[in-house]
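What follows is the residue order along each chain.
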Amino acid sequence: MLYIGIDLGTSAVKLLLMKENGEVVKTVAKEYPLLFPAPGWAEQDPREWFGKTMEGLVELLDGCSRLEVAGIGIGGQMHGLVTLDEKDEVIRPAILWNDGRSTRETAFLNETIGKGRLSGYTANIAFAGFTAPKILWMKEHEPEKFERIHKIMLPKDYVLYCLSGNFSTDMSDASGMLLLDVKNRRWSKEMMDICGIQEKMLPKLYESYEVVGTLRPKIANALGVSRQVKVVAGAGDNAAAAVGTGTVGDGMCNISLGTSGTIFISSKSFCMDENNALHSFAHADGAYHLMGCMLSAASCNKWWNEEILRTKDFAAEQEGIERLGKNQVFYLPYLMGERSPHNNPFARAMFFGMSMDTTREDMTQAVLEGVIFGLRDSLEVARSLGLHIGRSRICGGGAKSPVWKKMAANILQLNIDELAVEEGPALGGAMLAAAGCGTYENIEAAAKAVVRVTNTIEPEKGLEAAYEEKYQKFRKIYPSVKELF
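About the thresholds
Residues numbered from 1 in each chain as written. Predicted model: local features only at pLDDT ≥ 70, side-chain atom pairs only at ≥ 80, totals over all residues. Heavy atoms only, no water. Axes fitted to C-alpha atoms, helices over the stretch in contact; angles between N-to-C directions. Helix = DSSP H or I, 4+ residues; strand = E, 2+ residues; numbered from the N terminus. Parallel < 35°, antiparallel > 145°, perpendicular 65-115°, else oblique. Contact = heavy atoms within 4.5 Å. Nonpolar A, V, L, I, M, F, W, Y, C, P; charged D, E, K, R; others polar. Salt bridge = Lys/Arg side-chain N within 4 Å of Asp/Glu carboxyl O. Buried < 20%, exposed > 50% of the residue type's maximum accessible area, 1.4 Å probe, protein only. Core = buried A, V, L, I, M, F, W, Y, C linked by side-chain atoms within 4.5 Å. Phe/Tyr/Trp six-rings, centres within 6.5 Å; stacked < 30°, edge-to-face > 60°.

Caption draft 1: View of the packing of helix H9 (residues 237-244) against helix H14 (residues 424-436). H14 packs onto H9 with a crossing angle of 75 degrees between their chain directions and a minimal axis gap of 7 Å. Between H9 and H14, the interaxial angle falls into the category roughly perpendicular. Side by side, H9 and H14 meet where Asp-237, Ala-240, Ala-241, Val-243 and Gly-244 of the first sit next to Gly-424, Pro-425, Leu-427, Gly-428, Met-431 and Leu-432 of the second. Per-class residue counts for the contact of H9 with H14 are seven nonpolar, three polar and one charged.

Below is the structure:
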């Protein structure tokens, strides 16, 4: 049988076709625009997501045995606010995860409602990227549109609704809304009351691997597949990527160098840090995870190369990087503000330490190092909880860079495992579909069957020590300048 995995990203939707033994048959990607209607805002038209997903599915299945398709799973960008009216029409463009407009609403939640109460209700505090502050923003600034809300969805769940007709979400993605009682895996009545919404506006909750329905007949007919193709609930992009890298079970770690950057630690039991610097979320395997999330990771490198250096040859720019551990230039990777661990939407990127002999390569190196230093900040919080993390898997576009992976091993002081197949959330979505269809007993069994480590990058003693010294300097820069933002 064949399984389709969908990764609804920020800049494109990626689709993958997987055999039941884990072999990837084919991948397709379709881009769509990202809109910035005001400084610090980020939006997209949900209808573009579904349109490009359908285009991608048609291309993905071209030349394949369509009647062998048994299931579809989807991972997607988290936290976005999608609103539909009673006629299922999109009310306004989706407000995305990296949108910073809801700073006042975030402050209201954290300071007036209080971080302690929020943690008790949801296991997390408010971040501007989360969904609940966006709902409050819409209530305050677009009251007529707010009154029309009939359904509230996350991005991937809109596509899933268009495909299957099922109004559903999964625990991992719902964890990032600030509306879910994560520990007890149910909607929080207190948070619904604070946001002025009713539970009937929210989707039904499922575990990521649970089947929510089948394809709409007209969708199945358009694709030439069986009407019995099962659709599973799917997962937030980071949880789906973790499934795709085998980061399931207890104490596993995954680093994602995508548009955003994350460090993801799976856990059999619920846990949270007292300062809420890390997110405490449900995992796609039915358990839990801790996650530190940077708003800008590979997007920092993309910005530096495309907007500043005016090149798309990222690999060529990295070829001249030879002075690992010796660079005197530092870079704060906060292009869109920052989440973990600073929770400051006003933070901004900056270079520090340039001199007359600073080179282009030094600046490029600083950008790459700054992203990993930022991930180290979150890793240190996890270590402060007594978690022993000695190795990590790695995924995302940045994981294709040998020098970036070497930096990660030495700055984070971790063994970095490279995988035979690195397809992130799309592969995770296909694995969730296979588990939902019964091909695998559970997600851990799927991970053992599909995911294979091919190489490990180990820290080098001298380089690790040099980067430790540089990190101790890096961590002093943000506290020194944060009042200027």
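Still more to cover.
Caption draft 2: Looking closely at the pattern of salt bridges. In this structure the tally under the stated criterion is 28 salt bridges. In this structure, Arg-383 engages Glu-380 in a salt bridge whose closest nitrogen and oxygen atoms are separated by 3.1 Å. Note that Arg-383 and Glu-380 are positioned in helix H12 (residues 360-384) at a spacing of three residues, about one turn of the helix. Residue classification places Glu-380 among the partly exposed positions, given a relative accessible area of 24%. One salt bridge in this structure joins Lys-405 and Glu-418, with 2.4 Å as the shortest N-O distance. Of this pair, Lys-405 sits in helix H13 (residues 402-412) while Glu-418 sits in strand E23 (residues 415-419), and the two are 13 residues apart along the sequence. Comparing Lys-405 with Glu-418, the two get one shared label, buried. One network of salt bridges, in which partners are shared, links Glu-43, Arg-92, Asp-99, Arg-101 and Glu-142.

Caption draft 3: Summary view of the side chain of Asp-181. On the secondary structure map, Asp-181 appears in strand E10 (residues 180-181). Judged by relative accessible area, Asp-181 falls into the buried class, the value being 11%. Discounting residues that sit within four places of it in the chain, Asp-181 has contacts with Tyr-121, Thr-122, Arg-186, Trp-187 and Ser-188.

Caption draft 4: Layout of the packing of H13 against helix H16 (residues 461-481). Contact pair H13 / H16: the axes reach a minimum separation of 8 Å and the direction vectors enclose 70 degrees. It follows that H13 is roughly perpendicular to H16 by the angle criterion. Of H16, the residues touching H13 (which contributes Lys-406, Met-407, Asn-410 and Ile-411) are Leu-463, Glu-464 and Tyr-467. Its residues assigned to classes, the contact of H13 with H16 comprises four nonpolar, one polar and two charged.

Caption draft 5: Molecular detail of the nonpolar core. The biggest cluster of nonpolar side chains holds 71 residues, and the ones touching the most others in it are Leu-109, Ile-152, Leu-179, Trp-187, Met-191, Ile-197 and Met-431. Ranked by the residues each element gives to this core, the list is headed by H14, at eight residues. Setting aside residues no more than four positions away along its own chain, Met-431 makes contact with Met-18, Val-243, Gly-244, Ala-446, Ala-447, Val-450 and Val-451. Core analysis: the second largest hydrophobic core is formed by 54 residues, Tyr-331, Leu-368, Met-407 and Tyr-467 among them.

Caption draft 6: The arrangement of the packing of aromatic side chains in detail. Applying the stated criterion across every chain yields a total of 15 aromatic pairs. Ring geometry for Phe-130 against Phe-281: centres 6.2 Å apart, planes inclined by 45 degrees, an arrangement best described as tilted. Highlighted residues: Phe-130 in the loop between helix H2 (103-122) and helix H3 (131-141) and Phe-281 in strand E18 (residues 279-282), separated in sequence by 151 residues. Given a relative accessible area of 0%, Phe-130 falls into the buried group. Seen in terms of ring centroids, Phe-373 and Tyr-471 are 6.1 Å apart; in terms of plane orientation they differ by 35 degrees. Their pairing is tilted.

Read these as layout, nothing more, since geometry by itself doesn't imply function.
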